[in-house]
Structures are given as C-alpha cells and as structure tokens.
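# Structural overview for review
One letter stands for each residue in the lines below.
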Amino acid sequence: MASGNLHVHPDGLDPDTIDQPVFSATIRPAQSLSRVGFKVVMTGCCLVSVVISVWCWRMGFWPIAGFFGLDMLAIYAALKVSFRRGRSFEEVMISQLEILLTRVSHRGERHQWRFNPLWTKLTQVEDEEYGLQRLTLVSRREYVVVARDASPDERARIARGLTGALAQVKKGY
C-alpha cells in the first residue's frame, strides 16, 4: 500500500489546481467624474448658460442664447460618450497552463488572446517623467498591449503582479 500524500504531484504541481488562476485582474479605464458629479457639472453649466443667455437676450443679443443651448448639448453629448467608453474593460488571468487576456469594448465586442506562459514575456516602456507608459505581452511574434487605458501608477501595479505571476508559473516547471 502506498504511503504519503497521493494528491500531490511529484514535481510539486497539484493536478486538481493546475488550471486555477495564479493571477487575475480586471482593468477598467479611469473615470474622473461620477454620476453625481455629472449632474452637478451639467446643472452648474446650465445655470451659467441660462443666466448669461437671459442677460444677452435683454441686451438685444438674442442669437447668443441659441449658441449657449448648442454648447450645453455638446457638453452633454461629450460626457455621455465618455461614460459609455468607461464601460470597457480588460481581464487578465494567468494560470499554470495559459495566459488569457480578454478585452471587452464599450460596445460589448469581445477579443481574446491566449498565450503559453512559458513562452511569454512582459515588456515595459517607461518614461522618467510620466511613469510606465506601455505594458506588452510578447509571445513569439504576437504583441498585445495590456492595461492601455489605465493610469501609469495602475499600470505599474499591474506590471508587478504580472511579473510576479509569470515568474511563479515559470518557476513551477
């Protein structure tokens, strides 16, 4: 009869957990304006627009009121587009078997890349003044930018996590 722990692989890898994530992250673009902030900004802009439009109308410059209305529509449309684009995200998952990068656009379009972690490396482009500018997963002849909508500080945190996870996976083999 065999003794010892039968569930542990001789190389140290547990066959039951080999496909479990070593690293997993969801990366969303930074948005500086919340829903409440949007309402406050739009209310403030509309109040200023109405006050100036009424004053201009009374002074005889009535076409200005229409242009202020167009400006408010343009600001509203620009902020709505910004919110819509904020719904996009990236998911990065590293396991012993693969690296899975999924990018979902604000329209719901999904793109996936799969890499072998043993053949993949992470390249970084860093600027002294602005911080980490680009993270790229490189595997053979395929280059995919990771965390492209993240801030440089968030990109640096993601880079540390990805580097540590890749090192851990490569150490296991």
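These notes cover the structure that comes with them. (Residues numbered from 1 in each chain as written. Predicted model: local features only at pLDDT ≥ 70, side-chain atom pairs only at ≥ 80, totals over all residues. Heavy atoms only, no water.)

Under the 1.5 Å per step criterion, the end-to-end length of helix 1 (residues 35-59) is 36 Å for 25 residues, consistent within 8% with the ideal 36 Å. For helix 1, the set of buried residues is G37, F38, M42, S49, S53 and C56. Count one or two residues on from helix 1 and you reach G60, which has phi positive near 100°. (Helix = DSSP H or I, 4+ residues; strand = E, 2+ residues; numbered from the N terminus. Expected span 1.5 Å × (residues − 1). Buried < 20%, exposed > 50% of the residue type's maximum accessible area, 1.4 Å probe, protein only.)

Attention now goes to the sheet that holds strand 5 (residues 120-127). What links the strands of a sheet is backbone hydrogen bonding, and the strands pair in either a parallel or an antiparallel sense. Taken in spatial order, the three strands line up as 5-6-7 in an open sheet, and their pairing is antiparallel. This sheet does not close on itself; its edge strands, each paired only once, are strand 5 and strand 7 (142-146). Between one strand and the next, the sheet's axes are offset by a mean angle of 25°, whatever the strand orientation. Pairing analysis gives eight bridges linking strand 5 to strand 6 (residues 131-139), with the strands arranged antiparallel. Note that in strand 6 the partner of T123 across the bridge is T136. Packing against the sheet, helix 3 (residues 152-171) makes contact with strand 5, strand 6 and strand 7, and its axis sits at approximately 35° to strand 6. (Pairing = 2+ DSSP bridges. Axes fitted to C-alpha atoms, helices over the stretch in contact; angles between N-to-C directions. Contact = heavy atoms within 4.5 Å.)

Bringing unusual backbone geometry into the picture now. If a residue is not glycine, its phi is most likely negative; likewise, a peptide bond is most likely trans. Not every positive phi belongs to a glycine, and R140 is a case in point at roughly 55°. Within the secondary structure layout, R140 lies in the loop between strand 6 and strand 7.

What follows covers the pattern of salt bridges. This structure, assessed with the given rule, holds two salt bridges. Here E90 and R103 are joined by a salt bridge, their closest N and O atoms 3.7 Å apart. In this pair, E90 is assigned in strand 2 (residues 89-95) and R103 in strand 3 (residues 99-104), connecting sequence segments 13 residues apart. Across this residue pair, the class does not change: E90 and R103 are buried. Residues E98 and R114 are paired through a salt bridge, measuring 2.8 Å at the closest nitrogen-oxygen approach. Taken as a pair, E98 in the loop between strand 2 and strand 3 and R114 in strand 4 (residues 110-115) lie far apart in primary sequence, 16 residues in all. (Salt bridge = Lys/Arg side-chain N within 4 Å of Asp/Glu carboxyl O.)

On the secondary structure map, S49 appears in helix 1. For S49, a relative accessible area of 6% gives the class buried. When sequence neighbours within four positions are dropped, the list of residues in contact with S49 reads F68 and M72.

Attention shifts here to the side chain of R155. Along the chain, R155 turns up in helix 3. The side chain of R155 is buried and forms no salt bridge, while D149, the nearest opposite charge, is found at 6.9 Å. Polar contacts involving the side chain of R155 include one to the main-chain carbonyl oxygen of Q133, which spans 3.2 Å. Residue contacts for R155: discarding those within four places in its chain leaves L132, Q133, R134, L135, A147, R148 and A150. (Lys, Arg positive; Asp, Glu negative; His and termini not counted. Polar contact = N/O pair within 3.5 Å; in protein donor to acceptor, adjacent residues only side chain to side chain.)

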